[in-house]
Every structure is written in C-alpha cells, then in structure tokens.
Amino acid sequence: MNHALYAGVLKSGGAITMKMMNKLSDAASVSSLPAHLIPAMRIILHNGLQNIMFVALVLMLISLSVNIWGLHLEKQKHVTL
C-alpha cells in the first residue's frame, strides 16, 4: 500500500502529499483538505487497498497450494506403508 500511495503522490506533481493522504484516512480531518483534490486522493487510496487485496489473494493461493501438496504427500505416505 505504501508503494501505491508513494507512486500516486509522485504522479500528482506535488499537489498531494503523504501528510494529506494520512489526513484522508481520518474522518475528522478530511474537511481540512482541499475539496478539489479529494477525488484524486481517494483514487490513490483505493489503488493502495487494491494492492493489499491482491497480495493477500496471492498469499492465500500459495498457502492453499502448499496445503494441497502436503495432503497429497501425506496420502502417498499412507498408501506406500
């Protein structure tokens, strides 16, 4: 997520800062942000959250395949005994 936020901040050309992105996640301080930048900031935040979900999905698929492989090895072990 940090990488996506950093990349989005760089693409903004200095209009959006990491400090502003931190304020976006706090409902009480959103009103202190420039209204015209909030939609772009929400897109940046959304991209960061998508990155987290993608990494989580990949990790779950890897763990699922390791578990299936382990079960397969366990079944082979019992068959050969």
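Above this note sits the structure.
Residues numbered from 1 in each chain as written. Predicted model: local features only at pLDDT ≥ 70, side-chain atom pairs only at ≥ 80, totals over all residues. Heavy atoms only, no water.

Chemist: Would you explain the overall build of the protein in this entry?
Modeler: Assigned secondary structure in the protein consists of three helices and zero strands. Across the protein, helices and strands are ordered from the amino to the carboxyl terminus as α-α-α. Relative to the 2.2 N^0.38 estimate, which gives 12 Å for 81 residues, the radius of gyration of the protein is 21 Å and therefore markedly larger than a compact globule would have. Structurally, the protein occupies a C-alpha span of about 70 × 25 × 15 Å along its principal axes. (Helix = DSSP H or I, 4+ residues; strand = E, 2+ residues; numbered from the N terminus. Rg over C-alpha atoms; globule rule 2.2 N^0.38 Å.)

Chemist: Is there a simple way to explain the nonpolar core in this structure?
Modeler: Note that soluble globular proteins tend to have their nonpolar side chains buried in a common cluster. The biggest cluster of nonpolar side chains holds twelve residues, and these are Leu5, Val9, Ile16, Met20, Met21, Leu24, Val30, Leu33, Leu37, Ile38, Met41 and Ile44. Of all the elements in the fold, those that place two or more residues in this core are α1 (2-11), α2 (18-24) and α3 (38-80). Excluding residues that lie within four positions of it along the chain, leucine 33 makes contacts with Met20, Lys23, Leu24, Ile38 and Met41. (Core = buried A, V, L, I, M, F, W, Y, C linked by side-chain atoms within 4.5 Å. Buried < 20%, exposed > 50% of the residue type's maximum accessible area, 1.4 Å probe, protein only. Contact = heavy atoms within 4.5 Å.)

Chemist: Explain a nonpolar patch on the surface to me, please; I cannot follow it from the model alone.
Modeler: There is a patch of nonpolar side chains on the surface, built from Phe54, Val55, Val58, Leu59, Ile62, Val66, Trp69 and Leu73 and spanning about 770 Å² of accessible area. Relative to the helices and strands, valine 66 resides in helix α3. (Patch = residues over 30% accessible without salt bridge, like charges linked within 9 Å, V, L, I, M, F, W, Y side chains within 5 Å. Areas by Shrake-Rupley, 256 points an atom, 1.4 Å probe, with all protein chains shown as cover. Salt bridge = Lys/Arg side-chain N within 4 Å of Asp/Glu carboxyl O.)

Chemist: Would you explain α1 in this entry?
Modeler: Three- or four-residue spacings in an α-helix give side chains the same orientation, since the helix completes a turn every 3.6 residues. Considered for burial, the residues of α1 that qualify are Ala4, Leu5, Gly8 and Val9. Seen from one end, α1 has its buried residues packed into an arc of 135°, which puts them on one side. Away from the buried face of α1 by more than 90 degrees, exposed residues Asn2, His3, Leu10 and Lys11 are located. The inward-facing, buried residues of α1 contact α2 and α3. Two residues or fewer past α1, glycine 13 is found with a positive phi of approximately 70°. (Arc of directions from axis to C-beta.)

Chemist: Is there a simple way to think about the packing of α1 against α3 in this case?
Modeler: Helix packing geometry: the angle between the two helix axes and the distance between the axes. At a closest axis distance of 8 Å, the pairing of α1 and α3 adopts a crossing angle of 155°. By the angle between their directions, the pair α1 and α3 is classed as roughly antiparallel. For α1 against α3, the interelement crossing comes out right-handed. Across the interface between the two elements, Ala4, Leu5, Gly8 and Val9 from α1 touch Ile44, Leu45, Asn47, Gly48 and Asn51 from α3. Of the residues belonging to the contact of α1 with α3, the class tally is five nonpolar, four polar and no charged. (Axes fitted to C-alpha atoms, helices over the stretch in contact; angles between N-to-C directions. Parallel < 35°, antiparallel > 145°, perpendicular 65-115°, else oblique. Left-handed = near helix turned anticlockwise from the far one by under 90°. Nonpolar A, V, L, I, M, F, W, Y, C, P; charged D, E, K, R; others polar.)

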